[in-house]
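An overview of the molecular structure
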Amino acid sequence: MSWFWEKSEVPQIGRDSDLVLFPDTNFLYHCHPPENLDWTDLDEFNDIFLVITHPVQREVDGHKNRGSGRRAKKARAAASRFLAILRDPAQEFVARKYS
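Residues numbered from 1 in each chain as written. Predicted model: local features only at pLDDT ≥ 70, side-chain atom pairs only at ≥ 80, totals over all residues. Heavy atoms only, no water.

**What to know about the overall build of the protein**
Selection rule: The numbering of helices and of strands both runs from the N terminus, where a helix is a DSSP run of H or I of at least 4 residues and a strand a run of E of at least 2. Categorising residues by exposure relies on relative accessible area from a 1.4 Å probe, with only protein chains included: less than 20% of the type maximum marks a residue as buried, more than 50% marks it as exposed, and the intermediate range marks it as partly exposed. By definition in these notes, contact holds between two residues if any of their heavy atoms fall within 4.5 Å.
When its secondary structure is counted, the protein shows three helices and two strands. The secondary structure elements of the protein, listed N-terminal to C-terminal, are β-α-β-α-α. Each of the 99 residues in the protein was classed as buried or not, and the buried ones make up 20%. Once local pairs closer than 6 in sequence are excluded, the contacts in the protein between residues at least 24 apart make up 68%.

Encoded structure:
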């Protein structure tokens, strides 16, 4: 099973459905922030949920206090976003909004 698909190979879940993604720390450290990504290739989904698992949270916590390097800065930014969402569970993080 491949973790990466070409757009034509993405499993068809059906129109008007949601997509749930479980990003790892590589996504958090090496990609642009979700709000800066181009999500238009996935416009057939109503909502896209990014679910951060407990192991990813632990790894981010472990990196956020390790100096001032790029990884530590990215980890601190991710941890801040996690904390904001945990403090206000009703808060939504909107990476893509249609008008």
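**With respect to the environment of Leu37**
Among the secondary structure elements, Leu37 is positioned in the loop between α1 (25-30) and β2 (45-50). By relative accessible area, Leu37 is classed as partly exposed at 26%. Ignoring anything within four residues of it in the chain, the contact list for Leu37 reads Phe27 and His32.

**Quick look at the pattern of salt bridges**
Our working rule: Any carboxyl oxygen of Asp or Glu that lies within 4 Å of a side-chain nitrogen of Lys or Arg is treated as forming a salt bridge with it.
The full count for this structure, using the stated rule, is one salt bridge. Asp61 is paired through a salt bridge with Lys64; the nearest N and O atoms lie 3.4 Å apart. You can see Asp61 and its partner Lys64 sitting in helix α2 (residues 54-64), three residues apart, about one turn around the helix. With relative accessibility at 41%, the residue Asp61 sits in the partly exposed group.

**Section: the side chain of Thr25**
Positionally, Thr25 belongs in helix α1. Taking relative accessible area as the criterion, Thr25 reaches 7% and is therefore assigned buried. Setting aside residues up to four positions removed in sequence, Thr25 forms contacts with Val56, Glu59 and Val60.

**So, the nonpolar core**
The line we're drawing: Within this scheme, the nonpolar core is defined by two criteria: the residues are buried Ala, Val, Leu, Ile, Met, Phe, Trp, Tyr or Cys, and they are joined through side-chain atoms within 4.5 Å.
Core analysis: the largest hydrophobic core is formed by nine residues, namely Phe27, Leu28, Tyr29, Val56, Val60, Ala75, Ala78, Ala79 and Phe82. Elements represented by at least two residues in this core include exactly α1, α2 and α3 (70-87). In terms of residue count, the dominant contributor to this core is α3 (four residues).

**Remarks on the packing of α2 against α3**
A pair of packed helices is characterised by two quantities: the angle between their axes and the separation of those axes. How we decide: Structural elements are reduced to axes, namely lines fitted to C-alpha atoms, with helices fitted over the stretch in contact, and the angle between N-to-C directions of any two is expressed from 0 to 180 degrees. In these notes the angle categories are as follows: under 35 degrees is roughly parallel, over 145 is roughly antiparallel, 65 to 115 is roughly perpendicular, and the rest is oblique. For any helix crossing, the convention is left-handed if the near helix is rotated counterclockwise from the far helix by under a right angle, and right-handed if that rotation is clockwise. Amino acids outside the nonpolar list (Ala, Val, Leu, Ile, Met, Phe, Trp, Tyr, Cys, Pro) and the charged list (Asp, Glu, Lys, Arg) are all regarded as polar, and Gly is one of them.
At their nearest, the axes of α2 and α3 sit 8 Å apart, and the two run at 130° to each other. Of the possible angle classes, the one that applies to α2 and α3 is oblique. Classified by chirality, the crossing of α3 by α2 is left-handed. Here Gln57, Val60, His63 and Lys64 of α2 lie close against α3, whose contacting residues are Arg71, Ala72, Ala75, Arg76, Ala78, Ala79 and Phe82. The residue inventory of the contact of α2 with α3, partitioned by class, reads six nonpolar, two polar and three charged.

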